[in-house]
Amino acid sequence: MESLGELLKGGQGRALLKQAEEKLRLVAEDPLIVKLRAKYPQLDAATMKLNLNKLHQYTVEYKNCSNCPGLEQCPNDMEGHYTMITVETADDRTRVYDQKVACKKFIAKQSQDAVRSRIRSFYVDERALSQGYSPLEIVDKDEEREDAVHQVLRYIMNTKEQGLQKHGMYLAGYFGTGKTFLMCYMLHELAKDGFTGAIVYMPDFAEDLKSMFDDPQRLKETIEMLKETDLLVFDDIGAENLNPWLRDHVMGSILNYRMNRKPTFFTSNHDLDALEKHFSFTSKDGDEEYKGRRIMDRIRPFVEPVHVKGYNKRGSRG
């Protein structure tokens, strides 16, 4: 077997050396390396030759980032990262160090993922929590709901300035006026400040609870999470198929724990009086006005009523 030295002496070796020299020349002429050598004059030709791959990677990834195709199509070795070079001299030796650094797009995605991870949704379209929001959608889309928007924005500001509030909000209005949308916006904005949140679509939640009879651990974990999350939204309350167990043992337990501790929010097509009537009747036990009032005593004193006016935006292109 030929030694490495013998290979290098041969024609193949001379070709490899020529390729390396050409690569070194191209790297040395790259404006990025010219700038780097101006910053680190000790980066001489011999040191560059020893660290050619690092320097080449540095220039390639810089060009990739300058023409970024987007995070999902990132061509760099580590998605969302680029190589940075530092040069240090110690003990009469010059060393080149390379380091992977996260780009702005990767940092922004990490931040967005961190925000989203603080919000749990139960049976609510994930797009409502992940697509982001524009001022046009929040403030300008429907002038009729302007007062409701300002109430929500004021609540968000108060929470950011003063910390978690003890009172929540009760958003009532016609179908499709944006009640759920406003609550998702609130959760998203406050998650940016580190608050956790959950939103529960009540009609589907009520149905799913039936299956939890056979999975008591899941039921316990779900109830505990809804008790402990900073911000809890019961979406479309009053539209669920009510039963005594849901009202008294699930809703009652959650609301009893949260009152005077953490804020709870509601969206509904009913006002508070109509919701009390809803809670006062179940298909199993009929009229139970006392139990309706009892559950409302855990809602009414702890919410700010918000009347959401406007047109039905479902299916609207405007």
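Quick notes on the rules
Residues numbered from 1 in each chain as written. Predicted model: local features only at pLDDT ≥ 70, side-chain atom pairs only at ≥ 80, totals over all residues. Heavy atoms only, no water. Helix = DSSP H or I, 4+ residues; strand = E, 2+ residues; numbered from the N terminus. Expected span 1.5 Å × (residues − 1). Buried < 20%, exposed > 50% of the residue type's maximum accessible area, 1.4 Å probe, protein only. Arc of directions from axis to C-beta. Core = buried A, V, L, I, M, F, W, Y, C linked by side-chain atoms within 4.5 Å. Contact = heavy atoms within 4.5 Å. Polar contact = N/O pair within 3.5 Å; in protein donor to acceptor, adjacent residues only side chain to side chain. 1 Å grid on protein atoms, 1.4 Å probe; cavity = no way out; pocket = protein on both sides within 12 Å on 5 of 7 lines; lining within 4 Å. Points joined across faces, edges and corners; volume = space filled by probe spheres on them. Nonpolar A, V, L, I, M, F, W, Y, C, P; charged D, E, K, R; others polar. Phe/Tyr/Trp six-rings, centres within 6.5 Å; stacked < 30°, edge-to-face > 60°. Lys NZ or Arg CZ within 6 Å of the ring centre and 35° of its normal. Patch = residues over 30% accessible without salt bridge, like charges linked within 9 Å, V, L, I, M, F, W, Y side chains within 5 Å. Areas by Shrake-Rupley, 256 points an atom, 1.4 Å probe, with all protein chains shown as cover. Salt bridge = Lys/Arg side-chain N within 4 Å of Asp/Glu carboxyl O. Lys, Arg positive; Asp, Glu negative; His and termini not counted. Charge placed at Lys NZ, Arg CZ, Asp CG, Glu CD. Pairing = 2+ DSSP bridges. Axes fitted to C-alpha atoms, helices over the stretch in contact; angles between N-to-C directions.

1. Overview of helix α9 (residues 146-162)
It helps to recall that an α-helix has 3.6 residues per turn; residues three or four apart then point in one direction.
Phase 1: Helix length check: α9 (17 residues) gives 24 Å between terminal C-alpha atoms against 24 Å at 1.5 Å per residue, within 8%.
Phase 2: Along α9, the residues that are buried comprise Ala148, Val149, Gln151, Val152, Tyr155, Ile156 and Thr159. Along α9, the residues classed as buried sweep out an arc of 160° about the axis, all on the same side. Counted as exposed and oriented over 90 degrees from the buried face of α9: Asp147, Glu161 and Gln162.

2. With respect to unusual backbone geometry
Phase 1: In this structure, Asp92 takes a positive phi of about 65° despite not being glycine.
Phase 2: Within the fold, Asp92 resides in the loop between β1 (81-90) and β2 (93-102).
Phase 3: With a relative accessible area of 80%, Asp92 lands in the exposed category.
Phase 4: Residues other than glycine seldom take positive phi values, yet Asn260 does so here, at roughly 70°.
Phase 5: If you trace the backbone, Asn260 turns up in the loop between α13 (244-258) and β7 (264-268).

3. Notes on the nonpolar core
Phase 1: Of all hydrophobic cores here, the largest spans 31 residues; its most connected members are Leu226, Phe234, Ile237 and Ile299.
Phase 2: Going through the elements one at a time, β4 (168-173), β5 (197-201), α11 (202-211), α12 (216-228), β6 (231-235), α13, α14 (272-279) and α15 (289-296) are the ones with two or more residues in this core.
Phase 3: It is α13 that provides the largest number of residues to this core, a total of five residues.
Phase 4: Contact partners of Ile237, with chain neighbours within four places excluded, come to Tyr170, Met202, Met251, Phe266, Thr267, Ser268, His270, Leu275 and Phe279.

4. Things to note about the side chain of Thr59
Phase 1: Of note, Thr59 is situated in helix α5 (residues 52-66).
Phase 2: The class of Thr59 is buried, set by a relative accessible area of 5%.
Phase 3: Here His56 takes part through its backbone oxygen, which lies 2.7 Å from a polar atom of the side chain of Thr59.
Phase 4: Other than its neighbours up to four places away in sequence, Thr59 contacts Asp30, Leu32 and Ile33.

5. Notes on the layout of surface pockets
Phase 1: Its boundaries defined by the atoms lining it, the second largest pocket holds a volume of some 300 Å³.
Phase 2: Lining the second largest pocket are 15 residues, and of these Leu32, Tyr58, Tyr62, Thr83 and Met84 lie nearest its centre.
Phase 3: Looking at the lining of the second largest pocket, the elements with two or more residues in it are α3 (31-39), α5 and β1.
Phase 4: Within the lining of the second largest pocket, the residues separate by chemical class into nine nonpolar, three polar and three charged.

6. Observations concerning the packing of aromatic side chains
The geometry of two aromatic rings is summed up by the distance between their centres and the angle between their planes.
Phase 1: Tallied over the entire structure, the rule returns three aromatic pairs.
Phase 2: Put simply, the rings of Tyr170, Phe234 and Phe266 pair up and form one aromatic cluster.
Phase 3: In this structure, Arg261 packs its charged tip against the face of Tyr257, placed 4.4 Å from the ring centre.

7. Some remarks on empty space enclosed by the protein
Phase 1: Under the defined criterion, the tally for this structure stands at two cavities of 30 Å³ or more.
Phase 2: Put simply, the largest cavity is a space of about 90 Å³.
Phase 3: Taken together, 13 residues form the lining of the largest cavity, with Cys65, Cys68, Cys74, Asn76 and Cys103 sitting closest to its centre.
Phase 4: Considering only residue class, the lining of the largest cavity consists of seven nonpolar, five polar and one charged.

8. So, a negative patch on the surface
Phase 1: A surface patch of like charges, here negative, comprises Glu143, Glu144, Glu146 and Asp147.
Phase 2: With respect to the element layout, Glu146 can be found in helix α9.
Phase 3: Glu146 gets classed as partly exposed once you look at its relative accessible area, which sits at 36%.

9. Considerations on α15
Phase 1: Turning to α15, its buried residues are Gly292, Ile295 and Met296. Down the axis of α15, the buried side of the element spans an arc of 100°, and every buried residue falls inside it.

10. A short note on the sheet that holds strand β10 (residues 303-308)
Phase 1: As summarised here, the arrangement of the six strands in space is β3-β5-β6-β7-β4-β10, forming an open sheet in which the pairing is parallel. Because the sheet does not close on itself, it has two edges, and the strands there are β3 (119-122) and β10. Each neighbouring strand pair of the sheet contributes to a mean axis angle of 15°, computed without reference to strand direction.
Phase 2: Direction of pairing for β4 relative to β7: parallel, over a ladder of three bridges. Following the sheet pairing, Ala172 is matched in β7 by Ser268.
Phase 3: The sheet contacts of helix α10 (residues 179-191) involve β3, β4, β5, β6, β7 and β10, and relative to β4 the element is tilted by about 155°.
Phase 4: Contacting β3, β5 and β6, α12 runs over the sheet at an angle of about 130° to β3.

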